[in-house]
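# Chain and residue survey
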Amino acid sequence: MPPGVRLMQKVSSTRTFARIAPHFIPAMDRAVHRLTRGKVILSAKMLPGVILTAKGAKSGLPRATPLACMPEEGAGTWILIGSNFGRPGHPAWTANLLKHPDAEVSWKGQDIPVRARLLAGEERARAWRAVLGFWPPYATYQARIEREIRLFRLERR
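In this report, we go over the structure that sits alongside the text. Here the structure is a predicted model, which is why all the values come from computation and not from measurement.

## Considering the packing of aromatic side chains
In this structure the tally under the stated criterion is 3 aromatic pairs. Both rings, one in Trp93 and one in Phe152, keep their centres 5.9 Å apart while their planes meet at 55 degrees; by these two values the pair is tilted. Within this pair, whereas Trp93 is found in helix α3 (residues 92-99), its partner Phe152 is found in strand β6 (residues 150-156), the two being separated by 59 residues in sequence. When the centroid spacing of 5.8 Å and the interplanar angle of 80 degrees are considered together, the rings of Tyr138 and Tyr141 count as edge-to-face. On the criterion of helical spacing, the pair formed by Tyr138 and Tyr141 is a turn pair, its members being 3 residues apart in helix α5 (residues 137-144).

This is the structure:
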């Protein structure tokens, strides 16, 4: 485990982080991603990340959202976790994917067309166990809220 990861896991589990992070992490990630022509997502230094571009559920306009993800290396897929930093409502990008599952991710400087699928049942349970092994603070996020955190698998189109 790289230095500082355990500390970041503890910090990211706090309510203060959940209150503050949504206001600066996505903006910082978008700016660095743009400046490096899609090669770097700053928060991906702790967790792998993608820039998800999906049509807005209401507007139909493209919405670019930097997100942490869990790559499934062997399958060439990604799991997106709708944790919203452990805040009550589902993040807007999850509604976008529910309405418009065809999207695109920027992954390591490459734009890849994907189709998102909301996971349910045993498939979700298996993915959730893997997510908790990958980044344990998601358990803290889930414990703080009543909604079930949405998990999506992104598959290449």
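## A closer look at the pairing of strand β2 (residues 62-72)
Strand direction decides the pairing type here: strand β1 (residues 49-55) and β2, joined by 7 bridges, are antiparallel. When the bridges of β2 are listed, Val50 appears paired with Leu67. In textbook terms, the turn of a hairpin is the stretch between consecutive antiparallel strands, and for β1 and β2 this stretch comprises 6 residues, one of which, Gly60, has a positive phi near 75 degrees. With 4 bridges connecting them, β2 and strand β3 (residues 77-82) associate as antiparallel partners.

## Overview of the sheet that holds β3
The strand order around the closed barrel formed by 6 strands is β1-β2-β3-β6-β5-β4, and the pairing between neighbours is antiparallel. Averaged over neighbouring strand pairs, the angle between their axes works out to 40 degrees when direction is ignored. In this sheet, β6 lies alongside strand β5 (residues 110-118) in antiparallel orientation, the contact comprising 5 bridges. Looking at the pairing, Ala116 lines up with Leu154 of β6. Sheet contacts for α3: β1, β2, β3, β4 (102-107), β5 and β6; angle to β6, the most-contacted strand, approximately 50 degrees.

## Things to note about the pattern of salt bridges
Within this structure, the stated rule accounts for 9 salt bridges. Across the salt bridge formed by Arg126 and Glu122, the nearest N and O atoms sit 3.8 Å from each other. Taken together, the residues span about one helical turn, with Arg126 and Glu122 both in helix α4 (residues 121-134) at a distance of 4 residues. Arg126 gets classed as partly exposed once you look at its relative accessible area, which sits at 46%. The class of Glu122 is partly exposed, set by a relative accessible area of 46%. Each of Glu72, Arg117, Glu123, Arg153 and Glu155 takes part in salt bridges that share partners, so that together they form one network.

## Topic: the environment of Ile51
Within the secondary structure, Ile51 sits in strand β1. Under the relative-accessibility criterion, Ile51 is labelled buried at 5%.

## Points about the nonpolar core
Within the largest apolar cluster, 17 residues are counted, with the highest numbers of intra-cluster contacts made by Val50, Leu52, Trp78, Leu80, Leu97, Val105 and Leu154. Every element with two or more residues in this core is listed here: β1, β2, β3, α3, β4, β5 and β6. If near-sequence neighbours (up to four positions away) are discounted, Leu52 is found in contact with Arg63, Ala64, Thr65, Leu67, Leu80, Trp93, Leu97, Ala103, Glu104 and Val105. Judged by nonpolar contacts, the second largest core, of 14 residues, contains Ile81, Trp128, Val131 and Tyr138.

Reading the values: rules and limits
- Residues numbered from 1 in each chain as written.
- Predicted model: local features only at pLDDT ≥ 70, side-chain atom pairs only at ≥ 80, totals over all residues.
- Heavy atoms only, no water.
- Phe/Tyr/Trp six-rings, centres within 6.5 Å; stacked < 30°, edge-to-face > 60°.
- Helix = DSSP H or I, 4+ residues; strand = E, 2+ residues; numbered from the N terminus.
- Pairing = 2+ DSSP bridges.
- Axes fitted to C-alpha atoms, helices over the stretch in contact; angles between N-to-C directions.
- Contact = heavy atoms within 4.5 Å.
- Salt bridge = Lys/Arg side-chain N within 4 Å of Asp/Glu carboxyl O.
- Buried < 20%, exposed > 50% of the residue type's maximum accessible area, 1.4 Å probe, protein only.
- Core = buried A, V, L, I, M, F, W, Y, C linked by side-chain atoms within 4.5 Å.

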